[in-house]
Amino acid sequence: MLGRAKLRYFPGKRQIRIPYKAKYQNALEQNGHRLSMDELVQDDNYSETMFRKLGLGQPETMDYSDYEFSSDVDFVGHLQDLNEPVPEHFHGQFDFIFDGGTLEHVFNIPVALENVFHMLKPNGRFIGVNPFNGWPGHGIYQFNPELVYSFWVRNAGCKVENCYAMHEKPNGYFKRMDDPADLSGRSKIGRRYLLWRPVPRGRIHLYYEIQKTGQRVKNKSVMQTSYLRRWAEEATKVGA
């Protein structure tokens, strides 16, 4: 985990999101897990128990500070500034990396994304859940699907399995975010990637799943898809 993710589900307390309890339970059952939500909850409301019981092994946490680290013997924490390259002994070490909301707090996003790429094993999976809209002041950035596809697909040679804009409430706004290089859908207007409808009020997450199919990060920077297309068209016109 980048940062230490919490499982925000509080059985028996006023904060419990009662309207969504059945949705969470149905999601478990639909994906073949014979577990109740209560079995996934741990006393400190963090998420290691959930990840273990979902079959993901022993989670490890990487963070700039140890303020959320645990003294539990089963807890593994690594101190690391994600603004800086991770040491090589972390390269290719993880089958699965989860970011439940850390990258938006990291200033040097290009280095942080490269860190994730390097730490994944070949065919490893990365899941990110970061602010898309409606999170002013939460972090340094809000993320755009352009970043997901430009970095992970065109610069790192990886596969985007899923990319969605979704409201923090399970019954709220939910929209698939396709590759902006594909202008065939209704959500692409003209040359740039635009939403067909305005993003609604409220906190909207950008959720994306990446499979590491690439061998290396090609460039230290990426260019926006619409401009790459425009430059190529202009070069063709002038015969460059």
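Keep in mind that what you see is a predicted model, and the values were worked out from it rather than measured. (Residues numbered from 1 in each chain as written. Predicted model: local features only at pLDDT ≥ 70, side-chain atom pairs only at ≥ 80, totals over all residues. Heavy atoms only, no water.)

Engineer: Lay out the pattern of salt bridges in plain terms, naming residues and giving numbers.
Structural biologist: Under the definition given, this model contains nine salt bridges. Here the salt bridges do not stand alone but share partners, grouping Arg-125, Lys-159, Glu-161 and Glu-209 into one network. (Salt bridge = Lys/Arg side-chain N within 4 Å of Asp/Glu carboxyl O.)

Engineer: Let's hear about the sheet that holds strand β9 (residues 204–211): which residues, and what values?
Structural biologist: Spatially, the five strands line up as an open sheet ordered β3-β4-β9-β5-β6, and their pairing is mixed. Of all strands in the sheet, those bounded by a partner on one side alone are β3 (94–99) and β6 (174–176). Each adjacent strand pair in this sheet contributes to an overall mean axis angle of 15°, direction not counted. Of the strand pairs in this sheet, β3 and strand β4 (residues 120–133) are connected by five bridges, and their pairing is parallel. Bridging from a neighbouring strand, Phe-94 pairs with Leu-120 of β4. (Pairing = 2+ DSSP bridges. Helix = DSSP H or I, 4+ residues; strand = E, 2+ residues; numbered from the N terminus. Axes fitted to C-alpha atoms, helices over the stretch in contact; angles between N-to-C directions.)

Engineer: How would you summarise the environment of Gly-128 if you had to cite specific residues and measurements?
Structural biologist: Within the secondary structure, Gly-128 sits in strand β4. On a C-alpha basis, the gap between Gly-128 and His-205 in space is 9.6 Å, while along the polypeptide they are 77 residues apart. Sequence-distant contacts of Gly-128, that is, excluding residues within four places in its chain, are made with Asp-99, Leu-206, Tyr-207 and Tyr-208. (Contact = heavy atoms within 4.5 Å.)

Engineer: Report on the packing of aromatic side chains, specifying residues and quantitative values.
Structural biologist: Under the criterion given, the structure shown has eight aromatic pairs. Seen from their ring centres, Tyr-164 and Phe-174 are 4.6 Å apart, and the 25° between their planes marks the pair as stacked. Of the two residues, Tyr-164 sits in strand β5 (residues 159–167) while Phe-174 sits in strand β6, which places them ten residues apart along the sequence. Phe-174 gets classed as exposed once you look at its relative accessible area, which sits at 53%. An aromatic cluster is defined as three or more aromatic residues linked by ring pairs; in this entry it consists of Phe-126, Phe-151, Trp-152 and Tyr-208. Taking NZ or CZ as reference, Arg-4 lies 3.9 Å from the ring centre of Tyr-46, over its face. In this arrangement the basic side chain of Arg-203 is found over the ring face of Trp-135, its NZ or CZ atom lying 4.5 Å from the centre. (Phe/Tyr/Trp six-rings, centres within 6.5 Å; stacked < 30°, edge-to-face > 60°. Buried < 20%, exposed > 50% of the residue type's maximum accessible area, 1.4 Å probe, protein only. Lys NZ or Arg CZ within 6 Å of the ring centre and 35° of its normal.)

Engineer: Describe the environment of Glu-104, listing the residues and the values that go with them.
Structural biologist: Checked against the element boundaries, Glu-104 lands in the loop between β3 and α4 (109–119). When its relative accessible area of 1% is taken as the criterion, Glu-104 is described as buried. Counting along the chain gives 25 residues from Glu-104 to Val-129, while the straight-line C-alpha distance between them is 9.6 Å. Beyond its immediate stretch of four places on either side in the chain, Glu-104 contacts Asn-130, Pro-131, His-138, Gly-139, Ile-140, Tyr-141 and Phe-143. Of note is the side chain of Glu-104, whose polar atom sits 3.5 Å from the side chain of His-105. (Polar contact = N/O pair within 3.5 Å; in protein donor to acceptor, adjacent residues only side chain to side chain.)

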